[in-house]
Amino acid sequence: MSGHRLHWIAAAVAVVSLAAAPGGPPREAAAAPAGKLEIFSWWTAGGEADALNALFGLYRKRSPGVQIVNATVAGGAGTNAKAVLKTRMLGGNPPDSFQVHAGHELIDTWVKSGYMEPLTGLFKSEGWDRAMPRGLLEILSYQGQIWSVPVNIHRANILWYNKKVFSDNGLAPPKTFEEFFRAADALKAKGIVPLVLGDKEGWEAGHTFETVLIGTLGADGYRGLWTGKTSWTGAAVTRALETFRRMLTYVNSDHAALTWDEAGQYIIGAKGAMLIMGDWTNGWFTSKNFSGYGWAPAPGNEGVYDALSDSFGLPKKARDRENVMAWLRLLGSREGQEAFNPLKGSICARTDCSPTPFSPYQRWAMQRWRGDAIVPSVIHGAAASEGWATEYKDALALFVTSRDVAATQRALQKACVNAGVCK
Ligand code: GAL
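Residues numbered from 1 in each chain as written. Predicted model: local features only at pLDDT ≥ 70, side-chain atom pairs only at ≥ 80, totals over all residues. Heavy atoms only, no water.

S.K.: Report on the overall build of the protein chain, specifying residues and quantitative values.
M.R.: Assigned secondary structure in the protein chain consists of 18 helices and 14 strands. For the protein chain, the C-alpha radius of gyration of 23 Å lies close to 22 Å, the compact-globule estimate for 423 residues. Counting only C-alpha atoms and orienting by the principal axes, one finds that the protein chain spans roughly 85 × 50 × 35 Å. For the protein chain, the residues scored as buried account for 55% of the 423 residues in total. Looking at the protein chain alone, contacts between residues at least 24 apart form 77% of all its contacts between residues at least 6 apart. Counting every atom, the protein chain has about 17,500 Å² of accessible surface; 55% of that belongs to carbon and sulfur. Placing the 44 positive and 38 negative side-chain charges of the protein chain at their respective mean positions leaves the two points 2 Å apart. (Helix = DSSP H or I, 4+ residues; strand = E, 2+ residues; numbered from the N terminus. Rg over C-alpha atoms; globule rule 2.2 N^0.38 Å. Buried < 20%, exposed > 50% of the residue type's maximum accessible area, 1.4 Å probe, protein only. Contact = heavy atoms within 4.5 Å. Areas by Shrake-Rupley, 256 points an atom, 1.4 Å probe, with all protein chains shown as cover. Lys, Arg positive; Asp, Glu negative; His and termini not counted. Charge placed at Lys NZ, Arg CZ, Asp CG, Glu CD.)

Dropping the structure here:
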């Protein structure tokens with residue numbers, strides 16, 4: 001590590017001595033970092049906002065003269081933020097750096113269209129090409145260059161449950177869909193909401209359903225949906241939709257009025273038993289001082305890690321380029337990742353973080369990350385281009401009210417055709 005730091009120092013010294021060359025411009029002391037740094041994200045919920053603030057705190061220590069502008073647009077999974085970002089990027093007014101999912105969301109939306117600067121040099125000089133897993137580097141890459149700095153790895157396919165509700169009712173976390181429905185019946189009979197859902201923002205049904213697809217098709221079958229190898233019109237997808245339709249008969253009646261975190265209150269208050277959501281829920285529970293939760297892979301998801309990664313890059317027209325570079329260096333550093341992730345609920349993108357500051361859930365996730373089959377999340381930008389992911393999301397949001405398996409399966413197939421992957 002220190003070798004790489006030295007490399008940076010050497011580069012900085014070279015610049016200073018050039019500026020001081022005889023006949024050159026008047027000598028000036030190297031300016032301390034100043035100006036602004038505008039960071040755009042959708043991290044407003046408990047846990048998420050705390051984690052972002054931890055990064056800001058570290059940044060301020062390193063660059064006290066820089067004014068940080070925290071440009072957040074609330075809405076889980078970036079439902080609202082992505083539209084605002086598009087307007088700004090297309091209008092030539094980008095934030096200095098913005099949250100973007102590693103994979104298709106980064107590459108298809110922003111890199112191929114020429115809006116980003118490559119960061120390969122930064123990865124090399126900071127040694128991140130050795131400190132991060134090769135698979136992750138691959139999905140950050142396009143045409144031989146790396147395009148953003150990942151700050152974490154989130155896991156999407158977790159079933160969170162209230163431990164006391166489960167033990168009071170003699171239940172164990174369901175491993176299969178059959179076990180899930182048996183537990184759900186027992187809980188319903190006791191007047192407890194078996195499955196908590198908050199689908200106000202339109203992405204949460206698609207999130208839950210991607211875990212049902214994994215649970216029905218397995219890792220390879222699920223991966224094949226995004227590459228054209230698995231048919232969207234086949235019996236397995238029909239079965240997955242039927243399973244999801246049945247699951248929806250066990251959700252809270254106010255689901256359409258709640259966001260994912262508002263729905264989580266059902267679990268904290270022991271009025272609801274289970275919630276299928278990503279591990280930002282772990283950060284959120286912690287921010288609420290709630291420790292009575294357990295976790296397990298979503299039904300049928302044992303051995304599969306449904307993954308996504310939050311990353312930040314450098315837009316070509318960023319106004320405060322040097323400040324962004326300092327931000328990115330912090331994000332990729334061990335110090336930054338060890339400060340951010342324990343609060344966020346995720347694990348480090350780096351492979352060398354100490355487990356000490358992490359919660360029991362996160363230590364479990366770290367182990368699973370090393371052993372499970374890894375599949376990309378669609379709702380969180382990894383599996384498919386944004387257009388396809390949006391059509392998928394909208395089809396599932398509609399399904400919550402229509403419950404029409406055949407029409408939804410047709411819409412899912414059409415989304416794949418529109419993306420040019422299915423015929
Ligand atoms: C995901 C994002 C996470 C978390 C979650 C809920 O898309 O990657 O960091 O913010 O949405 O908002």
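S.K.: Describe the sheet that holds strand E8 (residues 158-162), with residues and values.
M.R.: Spatially, 4 strands are ordered E9-E10-E8-E11 in an open sheet, and the strand pairing comes out mixed. At either margin of the open sheet sits one strand with a lone partner, and together these are strand E9 (193-196) and strand E11 (293-297). With strand direction ignored, the average angle separating the axes of adjacent strands in the sheet is 20°. Bridge count between E9 and strand E10 (residues 272-277): 3 bridges; the pairing is parallel. Looking across to E10, one finds that leucine 195 is bridged to methionine 274. Helix H12 (residues 260-268) rests against E8, E9 and E10 of the sheet, and its axis sits at about 145° to E10. (Pairing = 2+ DSSP bridges. Axes fitted to C-alpha atoms, helices over the stretch in contact; angles between N-to-C directions.)

S.K.: Give a description of the nonpolar core that names residues and reports values.
M.R.: Ranked by size, the top nonpolar core spans 136 residues in total, and within it Phe209, Leu213, Trp226, Trp232, Trp327, Leu328 and Tyr392 carry the most contacts. Take this core: its biggest share by element is 9 residues, from helix H10 (residues 204-225). Both of domain 1 (32-151 + 312-357) and domain 2 (155-307 + 377-418) provide at least three residues apiece to this core. Once residues within four sequence positions are removed from consideration, tryptophan 226 is found in contact with Trp232, Val378, Ala383, Ala384, Trp388, Tyr392 and Val421. (Core = buried A, V, L, I, M, F, W, Y, C linked by side-chain atoms within 4.5 Å. Domains from an automatic or database assignment.)

S.K.: Report on the domain arrangement of the protein chain, specifying residues and quantitative values.
M.R.: With domains assigned, the protein chain is organised as domain 1 (32-151 + 312-357) and domain 2 (155-307 + 377-418). The centre of domain 1, based on its C-alpha atoms, is set 28 Å off from the matching centre of domain 2. Each partner contributes residues to the interface: domain 1 has 23 residues there, and domain 2 has 19 residues. Approximately 1,500 Å² of surface area, both sides summed, lies buried where domain 1 meets domain 2, with 52% of it carried by carbon and sulfur atoms. Run the count over domain 1 and domain 2 and you get 1 salt bridge. Contributing elements (two or more residues each) for the side of domain 1 that touches domain 2: helix H2 (48-62), helix H3 (81-90), helix H4 (104-111) and helix H15 (334-344). (Buried area = accessible area lost by both parts, 1.4 Å probe. Salt bridge = Lys/Arg side-chain N within 4 Å of Asp/Glu carboxyl O.)

S.K.: With reference to specific residues and values, describe the side chain of threonine 109.
M.R.: In this structure, threonine 109 sits in helix H4. Residue threonine 109 is classed as buried on the basis of its relative accessible area of 14%. A polar atom in the side chain of threonine 109 sits 2.7 Å from the side chain of glutamate 386. Each residue touching threonine 109, except ones within four places of it in the same chain, is listed here: Lys86, His104 and Glu386. (Polar contact = N/O pair within 3.5 Å; in protein donor to acceptor, adjacent residues only side chain to side chain.)

S.K.: With reference to specific residues and values, describe the site of the ligand.
M.R.: Surveying the vicinity of the ligand reveals 14 residues, the closest of which are Glu48, His101, Asp310, Lys344 and His380. A distance of 2.7 Å is found between an oxygen atom of the ligand and a side-chain nitrogen or oxygen belonging to histidine 380. If the ligand stood free it would expose 300 Å²; the protein chains cover 100% of that surface. Of the residues belonging to the shell around the ligand, the class tally is 6 nonpolar, 5 polar and 3 charged. (Near = heavy atom within 4 Å. Nonpolar A, V, L, I, M, F, W, Y, C, P; charged D, E, K, R; others polar.)

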